[in-house]
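An overview of the molecular structure
Each chain, written out:
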Amino acid sequence: MYAPSLLDPAAEELRLADVCGRGATEVAREARTLLGERFSSVTFMYVLMRAFEVEYTAACDASRWHEFHGGPRALSDADLEKLLAPWLDR
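First, a word on what this report is: a plain description of the structure on this page. Predicted model only: the values in this text are computed from it and were never measured. (Residues numbered from 1 in each chain as written. Predicted model: local features only at pLDDT ≥ 70, side-chain atom pairs only at ≥ 80, totals over all residues. Heavy atoms only, no water.)

Moving on: the packing of aromatic side chains. Per the counting criterion, the structure on display carries five aromatic pairs. The interplanar angle of 45° and the centroid separation of 5.6 Å between the aromatic rings of F44 and F68 together place this pair among those described as tilted. Of this pair, F44 sits in helix α3 (residues 41-52) while F68 sits in the loop between α4 (56-62) and α5 (77-88), and the two are 24 residues apart along the sequence. Cluster of aromatic residues (ring-pair linked, three or more members): F39, F44, W65 and F68. (Phe/Tyr/Trp six-rings, centres within 6.5 Å; stacked < 30°, edge-to-face > 60°. Helix = DSSP H or I, 4+ residues; strand = E, 2+ residues; numbered from the N terminus.)

Below is the structure:
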């Protein structure tokens, strides 16, 4: 696990990025770019909660995005869009 001091700059950059009109998958890919080798399902959860005040349970669900994990519980891009819409559409 990474210390918050290593993740907070990426969360702040993501928060300040122009996400208006961009979907959750684009936000996730932007997070991947900002975090680089630190990008994982856990760090993605953290930056979502810090950057967009995503609730913990929703961030946990977002960590099941198919680009992290496969399997029957993986979220599709459409599922991720629907899940994060309340926070990204603000």
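Tracing the chain through its elements places S41 in helix α3. What makes S41 buried here is its relative accessible area of 15%. Those residues within four positions of S41 in sequence are excluded, and the remaining contacts are S63, F68 and H69. (Buried < 20%, exposed > 50% of the residue type's maximum accessible area, 1.4 Å probe, protein only. Contact = heavy atoms within 4.5 Å.)

Let us look at the environment of Y46. Along the chain, the position of Y46 falls in helix α3. Since its relative accessible area comes to 16%, Y46 is described here as buried. For the pair formed by Y46 and T25, sequence separation is 21 residues and the distance between their alpha carbons is 16 Å. Polar side-chain contacts of Y46 include one of 2.6 Å to the side chain of D8. (Polar contact = N/O pair within 3.5 Å; in protein donor to acceptor, adjacent residues only side chain to side chain.)

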